[in-house]
Amino acid sequence: MIDYIKLHFVILLWGFTAVLGNLIDLTPTQLVFVRSLLSALILVAVLRSRLKIDTKVAAMLLGNGFLLGLHWILFFVAVKIASVSVCMIGMATVSFWTAVLEPMMVSRVRFNALNLLLGVVAAGGVGIIYYSQAHFQTGVIVAVVAAVLACLFSIFNGQLFHRAPPIVIVTYQMAGSAMFCAAALLCFGSSELGPALTPWIPPVSQWGWMMILVLACTIYAYHVYVRLLERLSVFTINFANNLEPVYGIALGSLLFHDHRDVSFSFYLGAAIILASVLIQPWLSEARISPQGTEPLT
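Residues numbered from 1 in each chain as written. Predicted model: local features only at pLDDT ≥ 70, side-chain atom pairs only at ≥ 80, totals over all residues. Heavy atoms only, no water.

Asks: Help me out: how do you make sense of the overall build of the chain in this one?
Replies: Secondary structure summary: the chain contains 12 helices and zero strands in total. The order of α-helices and β-strands along the chain, N terminus first, is α-α-α-α-α-α-α-α-α-α-α-α. Sorting the 297 residues of the chain into buried and exposed places 54% on the buried side. A separation threshold of at least 6 residues defines the contact pool for the chain, and within that pool the share at least 24 residues apart is 90%. (Helix = DSSP H or I, 4+ residues; strand = E, 2+ residues; numbered from the N terminus. Buried < 20%, exposed > 50% of the residue type's maximum accessible area, 1.4 Å probe, protein only. Contact = heavy atoms within 4.5 Å.)

Asks: How should I be thinking about helix α3 (residues 55-81) in this particular structure?
Replies: Helical geometry note: an α-helix holds 3.6 residues per turn, so side chains three or four residues apart project in the same direction. Compared with the 39 Å implied by 1.5 Å per residue over 27 residues, the 39 Å span of α3 between its first and last C-alpha is a close match. The residue sitting at the N-terminus of α3 and contributing the capping side-chain oxygen is Asp54; that oxygen lies 3.0 Å from the backbone nitrogen of Lys56. (Expected span 1.5 Å × (residues − 1). Polar contact = N/O pair within 3.5 Å; in protein donor to acceptor, adjacent residues only side chain to side chain.)

Asks: Explain the packing of helix α7 (residues 137-160) against helix α9 (residues 207-228) here, please?
Replies: When two helices pack together, you describe them by how their axes are tilted relative to each other and by the distance separating the axes. Viewed as axis vectors pointing N to C, α7 and α9 meet at an angle of 55 degrees, and their least axial separation amounts to 10 Å. In terms of orientation, α7 lies oblique with respect to α9. Between α7 and α9 the crossing geometry is right-handed. Where α7 abuts α9, its residues Phe153, Ser154 and Asn157 lie against Tyr222, Tyr225 and Val226. Of the residues in the contact of α7 with α9, the class split is four nonpolar, two polar and no charged. (Axes fitted to C-alpha atoms, helices over the stretch in contact; angles between N-to-C directions. Parallel < 35°, antiparallel > 145°, perpendicular 65-115°, else oblique. Left-handed = near helix turned anticlockwise from the far one by under 90°. Nonpolar A, V, L, I, M, F, W, Y, C, P; charged D, E, K, R; others polar.)

Asks: Please explain a nonpolar patch on the surface as it appears in this structure.
Replies: A cluster of nonpolar residues, Met1, Ile2 and Ile5, forms a patch on the protein surface that exposes about 380 Å² of accessible area. Since its relative accessible area comes to 56%, Ile2 is described here as exposed. (Patch = residues over 30% accessible without salt bridge, like charges linked within 9 Å, V, L, I, M, F, W, Y side chains within 5 Å. Areas by Shrake-Rupley, 256 points an atom, 1.4 Å probe, with all protein chains shown as cover. Salt bridge = Lys/Arg side-chain N within 4 Å of Asp/Glu carboxyl O.)

Asks: It is not clear to me how the confidence of the model for the chain should be interpreted in this structure. Could you clarify?
Replies: Any residue range with low pLDDT should be treated as having predicted coordinates unsuitable for detailed reading. Per-residue confidence for the chain gives a mean pLDDT of 80, with 83% of residues at or over 70. Here residues 193-197 scores under 50 on pLDDT; set against residues more than four positions off or in separate chains, the count is 10 contacts. Under a pLDDT of 50 for its full length, residues 285-297 has, in the predicted model, 35 contacts with residues more than four places off or in other chains. (pLDDT = per-residue confidence, 0-100.)

Asks: Is there a simple way to think about unusual backbone geometry in this case?
Replies: Most peptide bonds take the trans form, and the phi angle of most residues other than glycine is negative. Here the phi dihedral of Arg48 falls at roughly 50 degrees; this positive angle occurs in a residue that is not glycine. Note that Arg48 resides in the loop between α2 (28-47) and α3.

Asks: Looking at this structure, I do not really get the side chain of Asp3. What am I missing?
Replies: Tracing the chain through its elements places Asp3 in helix α1 (residues 2-23). On the basis of relative accessibility, which here comes to 17%, the residue Asp3 falls in the buried class. Reaching out from Asp3, the side chain makes a polar contact with the side chain of Arg231 at a distance of 2.8 Å. Not counting chain neighbours up to four residues away, the residues in contact with Asp3 comprise Leu228, Arg231 and Leu232.

Asks: Looking at this model, I keep getting lost on the nonpolar core. Mind explaining?
Replies: General note: in soluble globular proteins, nonpolar side chains tend to be found buried as a group. With 81 residues, the main nonpolar core has Phe75, Met210, Tyr222 and Tyr225 as its most contacted residues. The element that contributes the greatest number of residues to this core is α3, accounting for 13 residues. Sequence-distant contacts of Tyr222, that is, excluding residues within four places in its chain, are made with Trp14, Arg35, Leu68, Trp72, Phe153, Val170 and Cys217. (Core = buried A, V, L, I, M, F, W, Y, C linked by side-chain atoms within 4.5 Å.)

Asks: Hey, could you run me through α2 in this one?
Replies: Counted at 1.5 Å a residue, the expected span for α2 with its 20 residues is 28 Å, and the 28 Å between its end C-alpha atoms agrees. Looking one or two places after α2, you find Arg48, whose phi comes out positive at around 50 degrees.

Asks: I would appreciate a short explanation of the packing of helix α8 (residues 166-188) against α9 in the present structure.
Replies: Two numbers describe how α8 lies on α9: the axes approach to 9 Å, and their chain directions differ by 125 degrees. Classified by the interaxial angle, the pair formed by α8 and α9 is oblique. Handedness of the α8/α9 crossing: right-handed. Across from Pro166, Ile167, Ile169, Val170 and Met174 in α8, the residues of α9 making contact are Thr218, Tyr222, His223, Val226 and Arg227. The class makeup of the residues in the contact of α8 with α9 is seven nonpolar, two polar and one charged.

Asks: It is not clear to me how the environment of Leu67 should be interpreted in this structure. Could you clarify?
Replies: One can find Leu67 in helix α3. Its relative accessible area of 16% is what places Leu67 among the buried residues. Put simply, Leu67 and Leu149 are 82 residues apart on the chain and 6.7 Å apart in space, counted from C-alpha to C-alpha. In this structure, Leu67 is in contact with Leu149, Leu152, Phe153 and Phe156, ignoring residues within four places of it in sequence.

Asks: Can you help me understand the packing of aromatic side chains in this one?
Replies: The geometry of two aromatic rings is summed up by the distance between their centres and the angle between their planes. One pass over the structure, following the stated rule, counts nine aromatic pairs. With a centroid separation of 5.6 Å and an interplanar angle of 65 degrees, the aromatic rings of Trp14 and Tyr225 are classed as edge-to-face. Pair noted here: Trp14 is in helix α1 and Tyr225 is in helix α9, with a separation of 211 residues, a long-range link. Accessibility assignment for this pair places Trp14 and Tyr225 in one class, buried. Aromatic pair Trp72 and Tyr222: ring centres 5.6 Å apart, planes at 80 degrees, arrangement edge-to-face. Taken together, the positions of Trp72 in helix α3 and Tyr222 in helix α9 put the pair 150 residues apart, joining distant regions of the chain. Overall, the relative accessible area of 3% leaves Trp72 in the buried class. Exposure remark for Tyr222: the relative accessible area of 7% places this residue in the buried category. Three or more aromatic residues joined by ring pairs form one cluster here, namely Trp14, Trp72, Phe153, Tyr222 and Tyr225. We note Arg35 situated over the ring of Trp72; from NZ or CZ to the ring centre the distance is 3.7 Å. (Phe/Tyr/Trp six-rings, centres within 6.5 Å; stacked < 30°, edge-to-face > 60°. Lys NZ or Arg CZ within 6 Å of the ring centre and 35° of its normal.)

Have a look at this one:
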């Protein structure tokens, strides 16, 4: 039960991430670069010599950090071109992609028809919202692509969590994300979707939001997430993560009045997602199965 409380607190923090992305005046890539770089630097300063790990493992963690960086960029692009509430709904398809992709990518994970069914139900809720919000469809599509990347990141992390201490894993992945964003900024500059801003740091008035994003929503949240991989399955974590858009909808409505832009169908879809998440722990036989120890190849 404690693990589920921790999991949902982490998901609440991730839901708040979209709100912070809307409050900070940087392009998506700039925002992810600053977020990742500050997180990595803080962790390096704290851990120092404890960061020494096998070179192959370090390379794998950095590579997964590249994937995380791209996921974050697309996530914040969706925030910028849609609304907090609408773009986060696309993230609810993570469970569907996990049910489909994890058995294909991890030999010890068997195809689970129940997981797939629950994922399809959640995806159906997303579909209802997608077709009821035609003017935000591009944002939903970008968010769905971000969800696929989040799924792949989680699957890879499920194979890597035992290779190093959780906080060390987070450090290398933040460094990988920062490296990916730096390369993207050097190659493409501000040509991405979003406001073409020249400064690479947020205004002084927004540094409070940035530090919440770095300390609470990144360092703390991802450290707890990696530790939970020791006791909860990837599907259970990703399925519970369907609540992220529900939390995001509530926060978006409270802070940005997003509810003025959505219809009854939006709330119907959100209710379907919420119901599917709440019944999953009771229906899934593998809700607390630990991860295996096979290395990535």
